[in-house]
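A structural walkthrough
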Amino acid sequence: MARIIVVTSGKGGVGKTTSSAAIGLGLALKGHKVVLIDFDIGLRNLDLIMGCERRVVYDFVNVINGEATLNQALIKDKRVSSLSILPASQTRDKDALNKENVGKVLEDLGKLYDFIICDSPAGIEAGAMMALYYADEAIITTNPEVSSVRDSDRIIGMLASRSRRAELGLEPIKEHLLLTRYSPKRVAEGEMLSVEDVEDILSIPLLGVIPESQAVLKASNAGEPVILDTESDAGQAYQDVIDRLLGETIDFRFLVVEKKGIFSRMFGG
Amino acid sequence: MAAARIEFKGSSFTLSVLHLKTATIADIRADLAKKVAQAPDFFYLVPIVVSIDKLNDDIDYQGIKTLIEEFNFTFVGFTGAISKEQRQLIRECGFSFVNTAKANTVKKTVLVEESVAEKPKAVIATPQRDLYTDKIHRGQIRSGQQVYAKDQNLVVIGSVSAGAEVIADGNIHVYGSLRGRAIAGATGHHKAQIYCQKLEAELVSINGNYWLSESMEEHWASPVYIQLTDNELTSSKLI
């Protein structure tokens with residue numbers, strides 16, 4: 001059975017799509033069959049981050065409405081053959097999805113893939129509820145900042161009450177905390193919440209901490225998920241996330257301000 | 001939801017009761033005339049209930065009502081310890097039967113039961129109880145969630161997030177951090193208390209008296225219980 005993982009946050013702009021793309025590609029690079037679904041109907045972004053925006057013919061809504069088959073709509077990633085993307089519709093709105101048909105699509109995809117990654121829209125309305133409804137696991141993407149933490153808290157409450165698992169009284173959705181745009185320097189200066197602060201407030205297991213990095217913006221603009229940038233700290237941090245998702249225990253990195261070496265101090269590096 | 005535009009509530013009033021010892025209209029008229037003549041202004045439009053306690057079955061209800069109104073009283077209804085059949089008869093004549101307060105508590109009927117479609121809420125105030133049972137909530141209460149322990153204490157095994165709300169008619173115990181709002185003694189219970197492992201609340205309230213975060217500085221982030229002393233909230237360290 002495929003693992004259905006929703007990447008969600010409540011608040012917008014915290015890195016849901018960036019994380020979905022990195023995690024999807026990372027899992028595929030490990031040899032798993034992965035499909036990435038963009039649930040942000042009307043604000044299609046995932047295809048841009050994945051660099052396949054020019055290859056979108058049919059979309060998720062077409063499949064839901066029976067206007068296209070799954071095979072027609074799925075876009076195979078050019079870098080890794082075991083990864084596919086199901087793009088959102090840019091011209092429709094979030095009411096275009098309904099529970100029954102989404103369930104059907106997920107069921108069909110479940111037969112073909114090991115992982116189904118659902119990139120949720122921001123907010124707590126119908127679109128976000130649809131993305132999390134069928135999830136087995138949830139990656140709660142949070143910035144170390146009070147409003148983001150509070151919105152994540154709200155979403156965690158929704159996962160526990162509005163999901164299919166909650167409605168049927170099954171084992172609850174497995175929650176993972178993914179802290180993005182983390183800056184140890186600003187934490188040290190007291191400008192940002194620390195990992196411990198966020199963990200204390202949300203009290204769900206930590207999956208990863210992605211440092212604030214120039215590499216992320218560069219990767220997004222290039223349509224190359226940041227996990228491919230193995231030189232960057234953000235890319236490495238996502239790689240750790242993949243290993244943890246696959247059951248390994250890995251120490252957290254990039255949590256403290258790196259001490260500058262003697263050379264960089266001398267040459268102002 | 002729009003506010004209800006009408007509402008039924010029970011209230012107690014002091015009404016004049018005219019005790020009849022005779023059912024003969026002419027006799028009543030003669031006596032009433034004398035009384036009213038003594039203070040016509042005092043009796044003008046006074047609401048009046050007629051007690052037929054001491055009368056036999058043969059009563060001209062319509063006649064009595066007409067007579068009462070002749071003297072410019074406002075007729076309310078009949079009262080008295082009488083048989084069920086008699087009450088039925090009174091109703092059939094189109095008049096209300098009014099229980100006295102004493103009969104009211106014993107039989108738990110409401111003053112105006114006959115004349116209203118929906119039963120008004122019981123007049124008796126909810127008694128303050130010292131002992132409540134517990135409602136136990138396991139796990140964190142997240143932002144946007146609300147948990148209400150009606151007629152109970154609320155025990156939360158976990159934290160209450162900022163933006164969450166816990167309400168109890170009794171006490172509130174939070175075995176974790178209290179970061180949201182806690183409202184104890186919600187339906188009026190001045191002995192209710194709030195206990196928490198770590199006080200970082202947005203608001204705490206007991207029996208309508210509340211504190212915002214700024215009032216909690218003394219014991220901020222400490223294990224604390226909060227109670228009401230002379231209508232003032234006070235906090236004390238738990239350990």
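The residue count restarts for each chain, going from 1 along the sequence in the order it is written. To read the labels, note that chains go from A and ligands from 1, taken in the order they are written. Given that the model is predicted, a residue must reach a pLDDT of at least 70 before its local features are reported, and side-chain atom pairs must reach 80 or more before they are shown or counted; all residues, however, enter totals for whole chains, interfaces and linings. Hydrogens and water molecules were not included; the side-chain quantities draw on all heavy atoms of the structure.

**Looking at the overall build of chain B**
- When you go through chain B residue by residue, the secondary structure sums to five helices and 14 strands.
- Each of the 239 residues in chain B was classed as buried or not, and the buried ones make up 40%.
- Throughout, a contact is declared for two residues whenever any of their heavy atoms are within 4.5 Å. The contacts in chain B between residues at least 6 apart in sequence include a share of 32% that link residues at least 24 apart.
- Summing over all exposed atoms, chain B offers an accessible surface of approximately 14500 Å²; the carbon and sulfur share of this is 52%. Under the DSSP-based scheme used, a helix requires at least four consecutive residues in state H or I and a strand at least two consecutive residues in state E, with every element numbered from the N terminus. Accessibility here uses a 1.4 Å probe with only protein chains present; expressed as a share of the type maximum, an area under 20% marks a residue as buried, one over 50% as exposed, and anything in between as partly exposed. Residue burial considers only the protein chains on display, and all accessible areas are found by Shrake-Rupley using a 1.4 Å probe.

**What to know about the overall build of chain A**
- Helix and strand content of chain A: 13 helices and eight strands.
- Relative to its length of 269 residues, chain A is compact, with a C-alpha radius of gyration of 18 Å against a globular reference of 18 Å.
- By principal-axis analysis of the C-alpha atoms, chain A measures approximately 65 × 40 × 35 Å.
- The 269 residues of chain A split such that 55% are buried.
- Across chain A, contacts joining residues at least 24 apart in sequence account for 73% of those joining residues at least 6 apart.
- Within the structure as shown, chain A displays about 12400 Å² of accessible surface, and the carbon and sulfur contribution to it stands at 50%. Note that the radius of gyration is over C-alpha atoms, with the globule rule given as 2.2 Å times the number of residues to the power 0.38.

**Concerning helix H7 (residues 146–162) of chain A**
Residues and elements named next belong to chain A.
- Compared with an ideal rise of 1.5 Å per residue, which puts 17 residues at 24 Å, H7 spans 24 Å between its outermost C-alpha atoms and is within 8% of the ideal.
- Listed in full, the buried residues belonging to H7 are Ser148, Val149, Ser152, Asp153, Ile155, Ile156, Gly157, Met158 and Leu159.
- The elements touched by buried residues of H7 are strand E1 (3–8), helix H6 (126–133), strand E6 (137–142), helix H8 (164–168), strand E7 (174–182) and helix H10 (195–202). Expected helix span is given by 1.5 Å per residue-to-residue step, counting one fewer step than there are residues.

**Some thoughts on the interface of chain B and chain A**
- Each partner contributes residues to the interface: chain B has eleven residues there, and chain A has ten residues.
- When the area that chain B buries against chain A is broken down by residue, the three leading residues are Arg142, Ser143 and Arg179 of chain B, summing to 58%.
- By convention in these notes, a salt bridge is any Lys or Arg side-chain nitrogen within 4 Å of a carboxyl oxygen on Asp or Glu. Where chain B meets chain A, there are four salt bridges.
- Under the rule applied, a polar contact is a pair of N or O atoms within 3.5 Å (in protein, one hydrogen donor and one hydrogen acceptor; residues adjacent in sequence only if both atoms are side-chain atoms). Here chain B is connected to chain A by eight residue pairs in polar contact (both at pLDDT 80 or more). Take the accessible area each of two parts loses on contact, using a 1.4 Å probe, and add the two losses: that sum is the buried area.

**Looking at unusual backbone geometry**
- Although it is not a glycine, Phe254 of chain A sits at a positive phi angle of roughly 60°.
- The topology assignment puts Phe254 of chain A in the loop between helix H12 (233–245) and helix H13 (262–267).
- Despite not being glycine, Asp230 of chain B shows a phi value in the positive range, around 50°.
- Residue position: Asp230 of chain B is located in the loop between strand E13 (224–229) and strand E14 (232–237).

**Brief notes about H6 of chain A**
Residue and element names in this part refer to chain A.
- Most of H6 is tucked away: seven of the eight residues are buried.
- Taken as a whole, H6 has its buried residues at Gly127, Ala128, Met129, Met130, Ala131, Leu132 and Tyr133.
- Those residues of H6 that are buried lie in contact with E1, helix H5 (99–112), strand E5 (115–119), H7 and H8.

**Considering the side chain of Ser120 of chain A**
- Note on placement: Ser120 of chain A falls in the loop between E5 and H6.
- With near-sequence residues (within four places) excluded, Ser120 of chain A lies in contact with Val6, Val7, Thr8, Lys16, Phe39, Ala128 and Ala131 of chain A.

**Some points on the packing of aromatic side chains**
Residue and element names in this part refer to chain A.
- Here is the rule: rings of Phe, Tyr and Trp (six-membered ring for Trp) pair when centre to centre is within 6.5 Å. Planes less than 30 degrees apart are stacked, more than 60 are edge-to-face, and the remainder are tilted. Under the definition given, this model contains seven aromatic pairs over all chains.
- On the numbers, 5.2 Å between centres and 85° between planes, the contact of Phe39 with Phe60 is edge-to-face. You can see Phe39 sitting in the loop between strand E2 (34–38) and helix H2 (46–50) and its partner Phe60 sitting in helix H3 (residues 60–64), a full 21 residues away along the chain. In this pair, the class of Phe39 matches that of Phe60, namely buried.

**Re a nonpolar patch on the surface**
- Patch definition: residues above 30% relative accessible area lacking any salt bridge, with like charges linked at up to 9 Å and the nonpolar side chains Val, Leu, Ile, Met, Phe, Trp and Tyr linked at up to 5 Å. A cluster of nonpolar side chains, contributed by Ile136, Ile157 and Tyr175 of chain B, occupies part of the molecular surface with about 290 Å² of accessible area.
- Residue placement: Ile136 of chain B occurs in strand E4 (residues 133–138).

**Focus: the nonpolar core**
All names here are of chain A.
- In these notes, a set of buried Ala, Val, Leu, Ile, Met, Phe, Trp, Tyr and Cys residues joined through side-chain atoms within 4.5 Å is what counts as a nonpolar core. Ranked by size, the top nonpolar core spans 52 residues in total, and within it Phe60, Leu86 and Leu109 carry the most contacts.
- Contact partners of Leu109, with chain neighbours within four places excluded, come to Val35, Ile37, Leu70, Leu74, Leu86 and Ile116.
- Core analysis: the second largest hydrophobic core is formed by 37 residues, Ile75, Val80, Leu83 and Ile139 among them.

**Some remarks on the packing of H7 of chain A against H10 of chain A**
Residues and elements named next belong to chain A.
- Closest axis-to-axis distance for the H7/H10 pair is 10 Å, and the angle between their directions is 35°. By crossing handedness, the relation of H7 to H10 is classed as right-handed. Contact with H7, carried on its side by Val149, Ser152, Asp153 and Ile156, involves Val198, Ile201 and Leu202 of H10 and no other residues of that element.
- Residue composition of the contact of H7 with H10, grouped by class: five nonpolar, one polar and one charged. Think of each axis as a best-fit line through the C-alpha atoms, taken over the contacting stretch in the case of a helix, with angles from 0 to 180 degrees between the N-to-C directions. With the far helix as reference, a near helix turned anticlockwise by less than a right angle produces a left-handed crossing, and one turned clockwise produces a right-handed crossing. Charged means Asp, Glu, Lys or Arg here, nonpolar means Ala, Val, Leu, Ile, Met, Phe, Trp, Tyr, Cys or Pro, and polar covers whatever is left, Gly included.

Worth remembering: the numbers are spatial, not functional.
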